[in-house]
Amino acid sequence: MTRLAVLTLLAVLPAGGAAQRGDWPMPAKDYAATRYSDLTEITGANAGRLRPVWSFSTGVLGGHEGQPLVVDHTMYVVTPYPNVLYAFDLTREGYPLKWKYRPAVDPNALGIACCDAVNRGGFYADGKIVYNLLDGHTVAVAAATGKELWKTKIADLSQGETTPVAPLVVKRRVIVGASGGEFGIHGWLKGLDLETGRIVWTAYNIGPDSQVLAKPGTFKPFYDRGTELALTSWPADVWKNGGAPVWGWMSYDADLDLLYYGTGNPAPYNPEQRAGDNKWTASVLARRPEDGTLVWAYQFTPHDSWDYDAASEMILADLTVNGRPRKVLVHFDKNGFAYTIDRATGEVLVAQPFVDVNWAKRVDVATGRPVVDSTKLTGASRGNVKEICPTLEGGKSPASPAAYSPRTGLFYLATNNMCMDYQATQATRIAGTPFIGANTPYHAGRGGYMGAFIAWDAAAGKRVWQTTEPYPVWSGAVVTAGDVAFYGTLDGWFKAADARTGKVLWRFKVGSGVVGNPITYTGRDGKQYVAVYAGIGGDWFLLSGDVRSDDPADVRPPADFMPDIARHTSQGGIVWIFAL
């Protein structure tokens, strides 16, 4: 990638914003979802001298996914439910609170959310902080004062829809989605007007072309032909509760005017109740942000038999693949394969496993389809299918976004090394209740460790280095022009690694497991700072007993695959800031 291409790709700032170089105005820093910073003060030579300079307790015990925002020397922090928004003044000693916005959030959302009451963060645009509340509302808050500017209902709790996803603002559109694949929702994406909050368009991910917004002459998937693909790949009417939620991360290419996002699992988990490919679940979709028109789509895991959501980030980069410069989208899927895809057309250029994979032998790039090992197919009639790798937590969690450095040409990501047994059962849908039908115990994969932080060459489809961890690694990553990558661990360490070698340069115990995403920014004093949330949760709150001390009912036995995690961490949200 040329220096000019890097600057062009990364320089787009939110509409009408005051964001400057050194700020962090949106979840992934830029529309390409790189989580790359061109700050250089922290390097491999001095990272060992990092020290904490500030911390703040959010007062919330839920999983602290997402990341802070920093714009114009103000830090914005969104908590898990009850989704309080804090604004801290970074220009004054002690970073005092400028204002606090506490929304009214329906507590019934707590009983609907699948995987803890998390929130994946806000977006700064046009003087506003825009974010989602768990109960199906999107809000816009004045960044300067904390005043609520508008509040729009986007989702239906009664159907099992909740909204922890971080929005993406493109031009005048606020792009939002909903969780609920485990509840059999009819998955969608919506575009709201940034100024008023009005819903401008709704695009479903499954169903007839008229609802999917797949228009003749415009929708041109690389591998599929014909019409009504998201309808005919389902049994009659099953698509109406087929899942395909949108709860991960989004990116945008201004030159192509394409918005990219991934969809989650089909419902229910028992695949025998939904014959066919089940498009467009477990897929990437490319749409026009102005009106939602679908331009292309590609399905990573047709007829998903393992809960391999494809909600992970779609990182945009310019790479040379097979000797030819290509504008690509790089995606690390739950299914264990890393995909390098032409982002204009949806053609798969490279697809290789980045963790141990045995449900499929390979991905055929000529057809785009995985070559499935039939002995690993699941279904109620197949009984308990043993030793499937990776688990339904994924080779990488979609909640844990990777980072890309144009300096090294490498991608940096947290991974899981676990396998599962999968016993599907018949499921019946009742609106607003789980629609799952599977029992899926986990165990450590080959080598005995359960996680790793790795560097990946997406042009060649190979791992460059790996640092193993005893537990699954569930944080996002950030990488800098100082060639330092940051990540956190479930047992409560925040770490800096050499981006070229993987050598751990520094670590600090942050008090709770890290499932959030680090950021880095420039302070008023010109110094480089690094910030991250601590606060174990998400899936790990569901799986790990004895990590919540205030709940006398939380006496669950520890998870079989990591029985000692509570010896290292408890729940509790903290915002940390570090500097040299």
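Everything below is about the structure shown above.
1. Notes on the overall build of the protein
For step 1, the next point in the chain: Helix and strand counts for the protein stand at four helices and 39 strands.
For step 2, the next point in the chain: Across the 580 residues that make up the protein, the buried fraction comes to 66%.
For step 3, the next point in the chain: Nonlocal contacts in the protein, meaning residues at least 24 apart in sequence, comprise 62% of its contacts between residues at least 6 apart.
For step 4, the next point in the chain: Taken as a whole, the protein presents about 19100 Å² of accessible surface, with 50% of it coming from carbon and sulfur.
For step 5, the next point in the chain: Within the protein, the 56 negative side-chain charges are centred at a point lying 4 Å from the centre of the 55 positive side-chain charges.

2. Side note on unusual backbone geometry
For step 1, the next point in the chain: The peptide bond linking Ala 267 to Pro 268 adopts the cis configuration, its omega dihedral lying at -5°.
For step 2, the next point in the chain: With respect to the helices and strands, the residue Pro 268 is situated in the loop between β16 (258-262) and β17 (283-287).
For step 3, the next point in the chain: Here Asp 307, not a glycine, exhibits a phi torsion of approximately 65°, which is positive.
For step 4, the next point in the chain: Along the chain, the position of Asp 307 falls in the loop between β18 (294-299) and β19 (315-321).

3. Thoughts on the nonpolar core
For step 1, the next point in the chain: Formed by 51 residues in total, the largest nonpolar core has its most connected members in Met 75, Tyr 76, Leu 85, Tyr 131, Phe 486 and Tyr 521.
For step 2, the next point in the chain: At six residues, strand β38 (residues 528-534) tops the list of elements feeding residues into this core.
For step 3, the next point in the chain: Not counting the four nearest positions on each side in its chain, Met 75 is found in contact with Trp 54, Pro 68, Leu 69, Val 70, Tyr 86, Ala 87, Phe 88, Leu 90, Tyr 521, Ala 531, Val 575 and Ile 577.
For step 4, the next point in the chain: Core analysis: the next-biggest nonpolar cluster, separate from the first, contains 46 residues, Val 284, Tyr 339, Ala 351 and Val 385 among them.

4. Comments concerning the packing of aromatic side chains
For step 1, the next point in the chain: This structure, assessed with the given rule, holds 38 aromatic pairs.
For step 2, the next point in the chain: Geometrically, the ring pair formed by Phe 222 and Tyr 223 is edge-to-face, given 4.9 Å between the ring centres and 75° between the ring planes.
For step 3, the next point in the chain: Under the relative-accessibility criterion, Phe 222 is labelled partly exposed at 34%.
For step 4, the next point in the chain: Ring pairs connect the aromatic residues Phe 222, Tyr 223, Tyr 298, Phe 300, Trp 306, Tyr 308, Phe 337, Tyr 339 and Trp 359, which therefore count as one cluster.
For step 5, the next point in the chain: One residue, Lys 190, lies across the ring of Trp 188, its end atom 4.3 Å from the ring centre.
For step 6, the next point in the chain: For the cation-ring pair, Arg 507 lies above Trp 493, with the distance from its terminal atom to the ring centre recorded as 3.8 Å.

5. A short note on empty space enclosed by the protein
For step 1, the next point in the chain: This model, assessed by the stated rule, comprises one cavity of 30 Å³ or more.
For step 2, the next point in the chain: Within this model, the largest cavity holds a volume of roughly 80 Å³.
For step 3, the next point in the chain: Contributing to the lining of the largest cavity are Met 26, Pro 27, Ala 28, Asp 30, Ala 166, Pro 167, Leu 168, Trp 249 and Met 250.
For step 4, the next point in the chain: Counted by class, the lining of the largest cavity contains eight nonpolar, no polar and one charged residues.

6. Quick notes on the pairing of strand β37 (residues 519-522)
For step 1, the next point in the chain: Residues of β37 alternate between two faces, with Ile 519 and Tyr 521 on one and Thr 520 and Thr 522 on the opposite face, all of them buried.
For step 2, the next point in the chain: Bridge analysis of β37 against β38 gives four bridges, and the strand direction is antiparallel. Paired with Tyr 521 across the strands is Tyr 529, a residue of β38.
For step 3, the next point in the chain: Count of turn residues in the β37/β38 antiparallel hairpin: five residues, of which Gly 526 carries a positive phi of about 85°.

7. Things to note about the sheet that holds strand β22 (residues 348-353)
For step 1, the next point in the chain: The strand order β19-β20-β21-β22 describes an open sheet built from four strands, whose pairing is antiparallel. Each edge of the open sheet carries a strand with a single partner, namely β19 and β22. Strand after strand, the sheet turns through a mean of 30° between neighbouring axes, direction not considered.
For step 2, the next point in the chain: Where β19 lies against strand β20 (residues 324-332), seven bridges are found, and the strand directions are antiparallel. The partner of Asp 318 across the bridge, within β20, is Lys 327.

How each quantity is defined
Per chain, residues are indexed from 1 in the order of the written sequence. Per-residue local features of the predicted model are confined to residues with pLDDT of at least 70, and side-chain atom pairs are confined, for both listing and counting, to 80 or more; whole-chain, interface and lining totals are unaffected and use all residues. Side-chain measures were taken over the full set of non-hydrogen atoms in the model, leaving aside hydrogen atoms and water. Think of it this way: any DSSP run of H or I at least four residues long counts as a helix, any run of E at least two long counts as a strand, and we number them from the N terminus. We call a residue buried when its accessible area falls under 20% of the maximum for its residue type, exposed when it is over 50%, and partly exposed in between, using a 1.4 Å probe and counting protein chains only. Should any heavy atoms of two residues lie within 4.5 Å, those residues are counted as being in contact. To be clear on the numbers: accessible area is Shrake-Rupley with a 1.4 Å probe, and residue cover counts the displayed protein chains and nothing else. In this tally, Lys and Arg are treated as positive and Asp and Glu as negative; His is ignored, and so are the chain termini. Charge placement uses NZ in Lys and CZ in Arg. For Asp and Glu, CG and CD serve respectively. To form a nonpolar core, buried Ala, Val, Leu, Ile, Met, Phe, Trp, Tyr and Cys residues must be joined to one another through side-chain atoms within 4.5 Å. Pairs were defined over the aromatic rings of Phe, Tyr and Trp, the Trp ring being its six-membered one, requiring ring centres within 6.5 Å. Orientation was assigned from the angle between planes: stacked under 30 degrees, edge-to-face over 60, tilted for the rest. Charge-over-ring placement is defined geometrically: NZ (Lys) or CZ (Arg) within 6 Å of the ring centre, and within 35 degrees of the ring normal. Of the two site types, the cavity is a set of points on a 1 Å grid over the protein atoms alone where a 1.4 Å probe fits but cannot get out, and the pocket is an open set with protein on both sides within 12 Å along at least five of seven lines, each lined by residues with an atom within 4 Å of a point. Grid points are joined across faces, edges and corners, and a volume is the space filled by probe spheres set on the points. Lys, Arg, Asp and Glu make up the charged group, whereas Ala, Val, Leu, Ile, Met, Phe, Trp, Tyr, Cys and Pro make up the nonpolar group; the residues left over, Gly among them, are polar. The pairing criterion is simple: DSSP has to find at least two bridges between the two strands. A fitted line through C-alpha atoms represents every axis, and for helices the fit uses only the stretch in contact; the resulting angles, taken between N-to-C directions, go from 0 to 180 degrees.

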